[in-house]
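# Structural overview for review
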Amino acid sequence: MTKSSQDESSRSSGLTFRDFQKLPEPQQHLINWIRRQNQASLLDVAIHLCQDEETALKFLEPLVKKGFLEETIEEDERYYRVTYPPKRGQSLFKKLADKKKASKESQEESQTDTID
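This text gives an overview of the structure that appears in the document. (Residues numbered from 1 in each chain as written. Predicted model: local features only at pLDDT ≥ 70, side-chain atom pairs only at ≥ 80, totals over all residues. Heavy atoms only, no water.)

## Some details on the nonpolar core
Within the largest apolar cluster, 20 residues are counted, with the highest numbers of intra-cluster contacts made by Ile 31, Ile 34, Val 45, Leu 60 and Leu 69. For this core, the elements supplying multiple residues, two or more each, are helix H2 (25-37), helix H3 (42-49), helix H4 (53-65) and strand S4 (77-82). It is H4 that provides the largest number of residues to this core, a total of five residues. (Core = buried A, V, L, I, M, F, W, Y, C linked by side-chain atoms within 4.5 Å. Buried < 20%, exposed > 50% of the residue type's maximum accessible area, 1.4 Å probe, protein only. Helix = DSSP H or I, 4+ residues; strand = E, 2+ residues; numbered from the N terminus.)

## Let's talk about the pattern of salt bridges
Inspection of every chain in the model, using the stated rule, returns two salt bridges. A salt bridge links Glu 54 to Lys 58; the shortest N-O distance between them is 3.8 Å. Of this pair, Glu 54 and Lys 58 both sit in helix H4, four residues apart, which is roughly one turn of the helix. The burial state of Glu 54 is the same as that of Lys 58; both residues are exposed. (Salt bridge = Lys/Arg side-chain N within 4 Å of Asp/Glu carboxyl O.)

Written as structure tokens, this is what we have:
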């Protein structure tokens, strides 16, 4: 079972490039490393930081709270991945695609109605 540690109210809009640039260099390096891994376990992060898991967790917690990292728990193992903001225009593109699909379906319905 997969469980996310963030609830809907605590989520930010994700890590923007501006946010990334404002982070201290050690956090920037860690985020880049996790991004390249796609996902990293707490143990992997601890090994990467040459720290114990408790210290690594303290290093990760502020990034999770800010919404820059997403923490998931699978079978008692914590995993982290970088959270990105939604791309601009994506919702507009989806609206246009949905409108085109609806228009096409209505045309198909009208053609079958005239045939019957």
